[in-house]
Amino acid sequence: EPEVTQTPSHQVTQMGQEVILRCVPISNHLYFYWYRQILGQKVEFLVSFYNNEISEKSEIFDDQFSVERPDGSNFTLKIRSTKLEDSAMYFCASSRTSQNIQYFGAGTRLSVL
Amino acid sequence: GQQVMQIPQYQHVQEGEDFTTYCNSSTTLSNIQWYKQRPGGHPVFLIQLVKSGEVKKQKRLTFQFGEAKKNSSLHITATQTTDVGTYFCAVPLSGGSNYKLTFGKGTLLTVNP
């Protein structure tokens, strides 16, 4: 069964450093998403991406965040200058259409020290 | 923005007992989705409800969508230890697009064998 894959599974970084989280969505999906989940809390929407541009973003997704689809398979989330409060699980998801269900990857745990 | 209230926050049951979690919205929903997240895992799609008054069953799980499309429930009959996890409802952006899913805070189910 096709799945969304995310790398790395765990990323440790120093405060102020840049990180790039990588995702490979399901191959025939056209809509891509990033969510985050702070430990013990609910899943929070960050951004959606379609046709090589951002469709929707939340208040969390400020100038420190950016997304890119650098090639035909990868979808990345970059955090320019990480803060302690960026520590969370980051989930990538994809869907075939905007009305279809979203399939989530296993997540990347980001730890900012 | 779209808000959804989910209760209870925690539920501990003895194996074999039933379990129900509820989601409520102040506005009419185009659809509602349910996800399960095992401890340390990622959200896994369970079901999407679209029609007013809709009831869907998956083995021991029963999902209902209210007549006014403002509330939904997930009921598990005769819980098993494999049911352990957090159950989230998720609703799309109020315009009906699934670009952005807003998740409830989730109900953490623990089952005592």
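For the structure itself, look to the data block above.
Because the structure is predicted, anything quoted here is derived from the model rather than measured. (Residues numbered from 1 in each chain as written. Chains lettered and ligands numbered in written order. Predicted model: local features only at pLDDT ≥ 70, side-chain atom pairs only at ≥ 80, totals over all residues. Heavy atoms only, no water.)

Trainee: With reference to specific residues and values, describe the overall build of chain A.
Mentor: When you go through chain A residue by residue, the secondary structure sums to 0 helices and 11 strands. Listed by position from the N terminus, the elements making up chain A come as β-β-β-β-β-β-β-β-β-β-β. Principal axes of the C-alpha set define a box for chain A whose edges measure 35 × 30 × 25 Å. The long-range share in chain A, meaning contacts at least 24 apart out of those at least 6 apart in sequence, stands at 54%. Of the accessible surface of chain A, which amounts to about 5600 Å², a share of 45% is contributed by carbon and sulfur atoms. Positive and negative charge centroids in chain A, built from 10 and 13 side chains respectively, lie 1 Å apart. (Helix = DSSP H or I, 4+ residues; strand = E, 2+ residues; numbered from the N terminus. Contact = heavy atoms within 4.5 Å. Areas by Shrake-Rupley, 256 points an atom, 1.4 Å probe, with all protein chains shown as cover. Lys, Arg positive; Asp, Glu negative; His and termini not counted. Charge placed at Lys NZ, Arg CZ, Asp CG, Glu CD.)

Trainee: Give me the sheet that holds strand β1 (residues 4–7) of chain B: which residues, what numbers.
Mentor: All names here are of chain B. Pairing in this open sheet of 5 strands is antiparallel, and the strands run β1-β3-β8-β7-β6 from one edge to the other. Bordering the open sheet on either side are β1 and β6 (55–58), each of which pairs with just one other strand. Each adjacent strand pair in this sheet contributes to an overall mean axis angle of 15°, direction not counted. Note: β6 against strand β7 (residues 61–65), 4 bridges, orientation antiparallel. By the bridge assignment for β7, V55 is matched with Q64. (Pairing = 2+ DSSP bridges. Axes fitted to C-alpha atoms, helices over the stretch in contact; angles between N-to-C directions.)

Trainee: Any details on the state of the cysteines? Residues and values, ideally.
Mentor: Inspection of every chain in the model, using the stated rule, returns 2 disulfides over all chains. Paired through a disulfide, A:C23 and A:C92 show a sulfur-sulfur distance of 1.9 Å. Across the disulfide from A:C23 to A:C92, rotation about the S-S bond amounts to roughly -65°, and the bridge is consequently left-handed. Of this pair, A:C23 sits in strand β3 (residues 19–24) while A:C92 sits in strand β9 (residues 88–95), placing them 69 residues apart in sequence. Under the relative-accessibility criterion, A:C92 is labelled buried at 0%. Between the sulfur atoms of B:C23 and its disulfide mate B:C89 the distance is 1.8 Å. (Disulfide = S-S within 2.5 Å. Buried < 20%, exposed > 50% of the residue type's maximum accessible area, 1.4 Å probe, protein only.)

Trainee: Explain the pairing of β7(B) to me, using residue names and the numbers behind them.
Mentor: Residue and element names in this part refer to chain B. Counted residue by residue, β7 has 4 buried out of 5 residues, so it is predominantly covered. Counted between consecutive antiparallel strands, the loop separating β6 from β7 contains 2 residues, among which K59 sits at a positive phi close to 50°. Linking β7 back to strand β8 (residues 71–76) in an antiparallel pair, the connection comprises 5 residues, with K69 at a positive phi of about 55°.

Trainee: Just give me the short version of the interface of chain B and chain A, but keep the residues and values in it.
Mentor: If you look at the interface, chain B gives 18 residues, while chain A gives 21 residues. Taken together, both faces of the contact between chain B and chain A bury some 1700 Å²; the carbon and sulfur share is 58%. In this structure, the connection of chain B to chain A is made through 0 salt bridges. One can count 1 residue pair in polar contact (both at pLDDT 80 or more) joining chain B with chain A. (Buried area = accessible area lost by both parts, 1.4 Å probe. Salt bridge = Lys/Arg side-chain N within 4 Å of Asp/Glu carboxyl O. Polar contact = N/O pair within 3.5 Å; in protein donor to acceptor, adjacent residues only side chain to side chain.)

Trainee: Give me the lowdown on the layout of surface pockets, citing residues and values where you can.
Mentor: A volume near 620 Å³ is recorded for the largest pocket. Surrounding the largest pocket, 27 residues form its lining, A:Q37, A:I38, A:L39, A:G40 and A:Q41 being those nearest its centre. Elements with a contribution of two residues or more to the lining of the largest pocket: β9 and β11 (108–112) of chain A together with β9 (85–92) and β11 (107–112) of chain B. Considering only residue class, the lining of the largest pocket consists of 10 nonpolar, 12 polar and 5 charged. (1 Å grid on protein atoms, 1.4 Å probe; cavity = no way out; pocket = protein on both sides within 12 Å on 5 of 7 lines; lining within 4 Å. Points joined across faces, edges and corners; volume = space filled by probe spheres on them. Nonpolar A, V, L, I, M, F, W, Y, C, P; charged D, E, K, R; others polar.)

Trainee: Account for the sheet that holds strand β7 (residues 65–68) of chain A, with residues named and values stated.
Mentor: Residues and elements named next belong to chain A. Ordered by their spatial adjacency, 4 strands build an open sheet running β1-β3-β8-β7, and the pairing between neighbours is antiparallel. Each edge of the sheet is formed by a strand with only one pairing partner; in this case those strands are β1 (5–7) and β7. Each neighbouring strand pair of the sheet contributes to a mean axis angle of 20°, computed without reference to strand direction.

Trainee: Quick one: what's the story with the environment of A:D62, residue by residue and with numbers?
Mentor: Residues and elements named next belong to chain A. Residue placement: D62 occurs in the loop between β6 (53–57) and β7. Take D62: its relative accessible area is 33%, and that puts it in the partly exposed class. Along the sequence, D62 and A93 sit 31 residues apart, while their C-alpha atoms lie 20 Å from each other. Polar side-chain contacts of D62 include one of 2.9 Å to the backbone nitrogen of Q64.

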